[in-house]
Every structure is written in structure tokens, then in C-alpha cells.
Amino acid sequence: MTTRAGFAAIIGAPNAGKSTLTNRLVGAKVTIVTQKVQTTRFPVRGVAMAGEAQIVLVDTPGIFSPRRRLDRAMVRSAWGGADEADVTVHLVDVQAELAAEEPGAKSADKRSAADVQTIVEGLKTAGKQVILALNKIDGLKRERLLGLAQRLFETGVYSEVFMISAADGQGVDDLKARLAELMPEGPWLYPEEQTADLPARLLAAEITREKLFLRVHEELPYAAAVETTAFQERADGSVRIEQSIYVERESQRPIVLGKNGQTLKWIGQKSREELIELFDRPVHLFLHVKVDERWADKREFYGDVGLDFDV
């Protein structure tokens, strides 16, 4: 039997559905999925199995116009993930793309369409041919989809087009089969049962950050980070995890704490439930909220999550 294994990078504008697609291809939750854009901060690799092929998915941060150091590091990381992969998939949110053409379009849709343009220009410069995956196709008329596919295909940067819905799985199996075919022949890179290669402390921090954003995404833009400060395996088989939630201003601390500490308690409870399931053992989780207006400029924070500080 001939085995295949390689890397497939999924690039796209923030909120195009990259994490949802990664999870759908893998068949397990490996990257955090929230309604907040820009929640994937570093390439989380999910491992998808398709017959004799192993597809290691590099789930890159969204590519957008960067403003701060953290933004620049995230964009650098996304392009880096695409450069190192055997195949690159450009995921486009067709709902946002079509909405951006309408009069009175929402600024989020216009931003998304501008980010797609940025990526197309970047691909032209790099001379790369990639697979175009039009996502969120449910409920759209076929002729509108075909028109959009045609317009994007004419840019010359795509080798083929797939129409999918990452949320409900439409068309995803076809895309997965194609990725499997494109993987180079060779031994598998990961054990068959492994779905992600994130170290446990990092994964624990990501899960808590997901819960934080699910709960306070309106009040707290990206001014928060979660760091696992202690991860102890105890003699009784349980794990003791201590984490710090960093916010940039004193005024943001009460948002995370909530009235009588209820918000923090909810975040801790939801995170612990998922960690118990993930590690398959009892988890003791302790959360602390700290104010550090410079957290997004700290070199060690970048190294921990695999981002380049010096961009």
C-alpha cells in the first residue's frame, strides 16, 4: 500500500471559516472556533486522514491589513504557513464577497472583500497557483456563485475551484479527496489517532481564550490573551492548571470578572469541562485576571505561540 503525507495550508480573510473547515476535514475539534474574527494566532496543525493519505492542515491566522506588531506577526505567520505547504487552499466567504458588491454594504463585508484582494495580489507576486474554495454557499443562487467563481478564476492564481459549506459539510469530502491526491508519496508524519500537535499547555490556553471570547466578544476586542502559567500532573491522575488572562487596561478587568465574579466563573467552568474531555482526566483550573498594557509587545508571548516577534 502506498501512503501519502504532506501539508495543506488554508489561507483566507479573517472569519472566512478556516477553523470550521479544518475541524470538518479532521472530524474533530482541533482549532478554536468563535464568532470573533482573528482568533487563530498561530498555525494549528490538524491531521486529516483520507484513505492511505495523511493531510496535515496548517490553519493559518487570517490575512488582513496589519496595524500593530501582533497583526504583523500574524500575517507573517499566515504567509509562512502557505509557503511551507505542499498545497494551499484559499478560502473565500462568498456571502461577504457578494454582499460587498451591494449598495450600502456593511463595513465588515467591504473589509473582507478588500482582504481577498490583498491575498490575490500576494499570490500573484509569489507566482503561486492555489485551490479556490468558495465557502458559505448555502442559500445562494447558482448563477451568482458561478459569476463570482468566474471573476476570481480570471485573476489567474487558481488551479481549480470547489464550492463548499464548511459548517454543514457540503462539498467538503470532494475537497478532502482532492487534497489527499495532491499529497506527496511518503510515510505518515503523525500517529493515525493524533489530531493536533499543539503542546498541552498551549491547547489549554487556547480553549480558555475561546471561552473568554465567546462570553465577552462584544465588550473586549483583541485586548486579551491567555497564558498557562502552571501545568502540573498530580499523583492522583488529575491535572492542576493555572492560567493568567491578560487585559490591556484596568477598566477591562471588571468585564472579564463580571458581577460578583460570575463571568470569570462561567469561563472557568466551560473551559474546565472541555479540558476534562480533551485530557480524559480530572482538571483543576485556576484563572487569574491581570492588567498588562504591554502584553501584545512582549517577546516571550510570541515565541510561546510560534509567531515571529521581529516582523
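Before any of the text, the structure's been laid out above.
Peer 1: Please explain the overall build of the protein chain as it appears in this structure.
Peer 2: For the protein chain, the count of helices and strands is 10 helices and 9 strands. Residues classed as buried in the protein chain amount to 50% of the 311 residues present. As displayed, the protein chain offers around 14500 Å² of accessible surface, 48% of which is attributable to carbon and sulfur atoms.

Peer 1: Would you take a moment to explain the packing of aromatic side chains for this structure?
Peer 2: Pairs of aromatic rings are described using the distance from one ring centre to the other and the angle between the two planes. As enumerated under the stated definition, the model contains 0 aromatic pairs in all. Positioned above the aromatic ring of Phe286 is the side chain of Arg240, whose terminal nitrogen or guanidinium carbon lies 4.1 Å from the ring centre.

Peer 1: So what exactly am I meant to see when it comes to the pairing of strand β7 (residues 224-233) here?
Peer 2: Moving residue by residue along a regular strand, the side chains alternate between the two faces of the sheet. Sheet topology places β7 next to strand β8 (residues 239-247); 9 bridges connect them, and they run antiparallel. Residue pairing in the sheet places Glu233 in a bridge with Val239 of β8. Taken together, β7 and the strand that follows it, β8, pair antiparallel across an intervening segment of 5 residues, in which Gly237 is found at a positive phi of about 95°.

Peer 1: Explain the sheet that holds strand β9 (residues 283-291) here, please?
Peer 2: Two strands in a sheet stick together by hydrogen bonds in their backbones, pointing the same way (parallel) or opposite ways (antiparallel). Spatial strand order, β7-β8-β9: 3 strands in an open sheet with mixed pairing. The sheet terminates laterally at β7 and β9, the two strands that pair on one side only. Ignoring which end each strand starts from, the neighbouring axes of this sheet average 20° apart. Here β8 pairs with β9 via 9 bridges, running parallel.

Peer 1: Would you mind going over the packing of helix α7 (residues 200-216) against helix α9 (residues 262-279) with me for this structure?
Peer 2: Working note: a packed helix pair is described by the angle between its axes plus the distance between those axes. One way to put it is that α7 packs onto α9 with a least axis distance of 9 Å and a crossing angle of 140°. Compared by their axis directions, α7 and α9 come out oblique. When the axes of α7 and α9 are compared, the crossing they make is right-handed. Seen from α7, the contacting residues are Ala200, Leu203, Ala204, Ile207, Thr208, Glu210, Lys211, Leu212, Leu214, Arg215 and Val216; seen from α9, they are Thr263, Trp266, Ile267, Lys270, Ser271, Glu274, Leu275, Leu278 and Phe279. Broken down by class, the residue content of the contact of α7 with α9 amounts to 12 nonpolar, 3 polar and 5 charged.

Peer 1: Is there a simple way to explain the environment of Gln129 in this structure?
Peer 2: On the secondary structure map, Gln129 appears in the loop between α4 (107-126) and β5 (130-135). When the C-alpha positions of Gln129 and Val89 are compared, they lie 9.5 Å apart, and in sequence the two are 40 residues distant. If near-sequence neighbours (up to four positions away) are discounted, Gln129 is found in contact with Gly156, Val157, Tyr158 and Ser159.

Quick notes on the rules
Residues numbered from 1 in each chain as written. Predicted model: local features only at pLDDT ≥ 70, side-chain atom pairs only at ≥ 80, totals over all residues. Heavy atoms only, no water. Helix = DSSP H or I, 4+ residues; strand = E, 2+ residues; numbered from the N terminus. Buried < 20%, exposed > 50% of the residue type's maximum accessible area, 1.4 Å probe, protein only. Areas by Shrake-Rupley, 256 points an atom, 1.4 Å probe, with all protein chains shown as cover. Phe/Tyr/Trp six-rings, centres within 6.5 Å; stacked < 30°, edge-to-face > 60°. Lys NZ or Arg CZ within 6 Å of the ring centre and 35° of its normal. Pairing = 2+ DSSP bridges. Axes fitted to C-alpha atoms, helices over the stretch in contact; angles between N-to-C directions. Parallel < 35°, antiparallel > 145°, perpendicular 65-115°, else oblique. Left-handed = near helix turned anticlockwise from the far one by under 90°. Contact = heavy atoms within 4.5 Å. Nonpolar A, V, L, I, M, F, W, Y, C, P; charged D, E, K, R; others polar.

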